[in-house]
Amino acid sequence: MQSLSPWWRPDIHEDRRPRLIARGRIVTALRAWFAERDFVEVETAALQVSPGNETHLHAFAAELVGPDGTRETRYLRTSPEFAAKKLLAAGERRIFELARVWRNRERGALHHPEFTMLEWYRADAPYETLMDDCAAFVRLAAEAAGTASFSFRGHACDPFAAPERVTLAEAFYRFAGIELMRSIASGGRTDRRELAARAAAAGVRVAADDTWSDIFSRVLVEKIEPRLGVGRPTILCEYPIGEAALARPKPGEPRLAERFELYCCGVELANCFGELTDPAEQRRRFEADMAEKARRYGERYPIDEDFLAALVSMPPTSGGALGLDRLVMLATGAAKIDDVLWTPVAPLPEAGA
């Protein structure tokens, strides 16, 4: 039986409408911010050869049929990243997009199968510049929503406070007592046994078939993320190179990448990179991720050869992706992402219903 989605009922819509109107004000404020800084708003295609090549991202597939009946699989994008970087290779310098994106197997208070991603790029800018951008977006959202505090699940965050900057190594030691870099050798090679022992001592469950990356992610989710962005925003930076599929290495420390994430109220809001522009290295990472995806899920996505070709012409760039819906949630005090979407996708019926 099909699940009902009663967001359209007048009594329910009346309760939802103030947050949706606030969403519009936030979008207007963001567009004005970009316009003042000479960014160009772009609109990239949603239907792509490859939806992205990260192991744990799951896409929606579609069939493209030509006039002669030729059929080929295409995918709804999980991010506008590949297309946006092609525009940078073509000569654009500062661009942004409020992009509708799709991710399968995702549903919950903070996840929705279709959502809006704010993605922006700055050519010839250090990635630390995006940290200032993220702080500005948080302030803009609070001002547009008319709030002095973000809140979610009992946590509060001052959106006008300067963000705290914490490295992954600092966070692992502060919140889990784990010396993360002891499990990462030169060249980015990881020591699963070392991290597994440290994680188990910290009370984190470790399964026999867990990879280093699995253990890293579990420590991050269980011990670290809930404590980030409480009181003021947190910028979590300097990720291990193996946890930054499209980011360039940190100068002077090849074990780490120019990647950071923004948190408020324990919620991840943004993911930003100093962008990798080496096509050979990017191909190597994509192939490794797709091999792992095939091992875990029995499927893999194509590599966008056009994207790899474009990297040769792409200038040094920093870029970020921010979940607009989550930002609106925190600014309006919503309990779940569906509360700030004009027309949420109906959920699947529960098993056995």
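What counts and what doesn't
- Residues numbered from 1 in each chain as written.
- Predicted model: local features only at pLDDT ≥ 70, side-chain atom pairs only at ≥ 80, totals over all residues.
- Heavy atoms only, no water.
- Helix = DSSP H or I, 4+ residues; strand = E, 2+ residues; numbered from the N terminus.
- Expected span 1.5 Å × (residues − 1).
- Buried < 20%, exposed > 50% of the residue type's maximum accessible area, 1.4 Å probe, protein only.
- Arc of directions from axis to C-beta.
- Contact = heavy atoms within 4.5 Å.
- Polar contact = N/O pair within 3.5 Å; in protein donor to acceptor, adjacent residues only side chain to side chain.
- Pairing = 2+ DSSP bridges.
- Core = buried A, V, L, I, M, F, W, Y, C linked by side-chain atoms within 4.5 Å.
- Phe/Tyr/Trp six-rings, centres within 6.5 Å; stacked < 30°, edge-to-face > 60°.
- Lys NZ or Arg CZ within 6 Å of the ring centre and 35° of its normal.

Draft legend 1. Layout of helix α7 (residues 279-297). For α7, with 19 residues, the first-to-last C-alpha span of 26 Å sits near the 27 Å given by 1.5 Å per residue. By the burial criterion, the buried members of α7 are Gln282, Arg285, Phe286, Met290 and Lys293. An end-on view of α7 places all buried positions within 130 degrees of arc, on one side of the element. Opposite the packed face of α7, turned more than 90 degrees from it, sit the exposed residues Ala280 and Arg295. On the buried face of α7, the contacting elements are α2 (81-90), β11 (249-250) and α8 (305-311). Near the N-terminus of α7, the side chain that reaches the backbone nitrogen of alanine 280, with its oxygen 3.0 Å away, is that of aspartate 278. Two residues or fewer after α7 comes glycine 298, characterised by a positive phi angle close to 70 degrees.

Draft legend 2. Main features of the pairing of strand β3 (residues 60-65). Direction of pairing for β3 relative to strand β4 (residues 71-76): antiparallel, over a ladder of six bridges. Note that in β4 the partner of glutamate 63 across the bridge is threonine 73. What sits between the antiparallel neighbours β3 and β4 is a turn of five residues, in which glycine 69 has the positive phi angle 90 degrees.

Draft legend 3. Examining the sheet that holds β3 more closely. Across the sheet, three strands lie side by side as β2-β4-β3; this open sheet has antiparallel pairing. Looking along the sheet, the strands with just one partner apiece sit at the ends: β2 (47-48) and β3.

Draft legend 4. Structural detail: the side chain of threonine 167. Among the structural elements, threonine 167 can be located in strand β9 (residues 164-167). A relative accessible area of 14% places threonine 167 in the buried class. Apart from residues lying up to four places away in sequence, threonine 167 is in contact with Leu236, Cys237 and Glu238.

Draft legend 5. Fine view of the pairing of strand β5 (residues 94-102). Burial runs high along β5: seven of the nine residues are buried. As defined by bridge partners, strand β1 (residues 40-41) adjoins β5 across two bridges and the pair is classed as parallel. Opposite valine 40, over in β5, you have isoleucine 95 as the bridge partner. Direction of pairing for β5 relative to strand β6 (residues 114-123): antiparallel, over a ladder of nine bridges. Each bridged residue has a counterpart across the sheet, and for arginine 100 the counterpart in β6 is threonine 116.

Draft legend 6. Representation of the nonpolar core within the structure. Core analysis: the biggest nonpolar cluster contains 47 residues, and Ile26, Leu118, Trp120, Phe150 and Phe260 have the highest contact counts within it. With 11 residues, helix α3 (residues 128-145) is the single largest residue contributor to this core. Excluding residues within four positions of it along the chain, isoleucine 26 makes contact with Ala141, Ala144, Ala145, Leu324, Val328 and Ala331. Formed by 24 residues, the second largest nonpolar core is a distinct cluster that contains Ala171, Leu195, Val204 and Leu220.

Draft legend 7. Unusual backbone geometry, seen in detail. A positive phi angle, close to 60 degrees, is found at glutamate 238, a residue other than glycine. Along the chain, the position of glutamate 238 falls in strand β10 (residues 234-240).

Draft legend 8. Up close: the packing of aromatic side chains. Per the counting criterion, the structure on display carries 14 aromatic pairs. Both rings, one in phenylalanine 34 and one in phenylalanine 39, keep their centres 5.0 Å apart while their planes meet at 75 degrees; by these two values the pair is edge-to-face. Residue phenylalanine 34 shares its accessibility class with phenylalanine 39, and that shared class is buried. Judged by centre distance (5.0 Å) and plane angle (80 degrees), the ring pair of tryptophan 120 and phenylalanine 137 falls under edge-to-face. Note that tryptophan 120 is positioned in strand β6 and phenylalanine 137 in helix α3, a separation of 17 residues in sequence. When its relative accessible area of 0% is taken as the criterion, tryptophan 120 is described as buried. Residue classification places phenylalanine 137 among the buried residues on the basis of a relative accessible area of 0%. The ring of tyrosine 239 has arginine 259 lying over it, and the distance from NZ or CZ to the ring centre is 4.0 Å.

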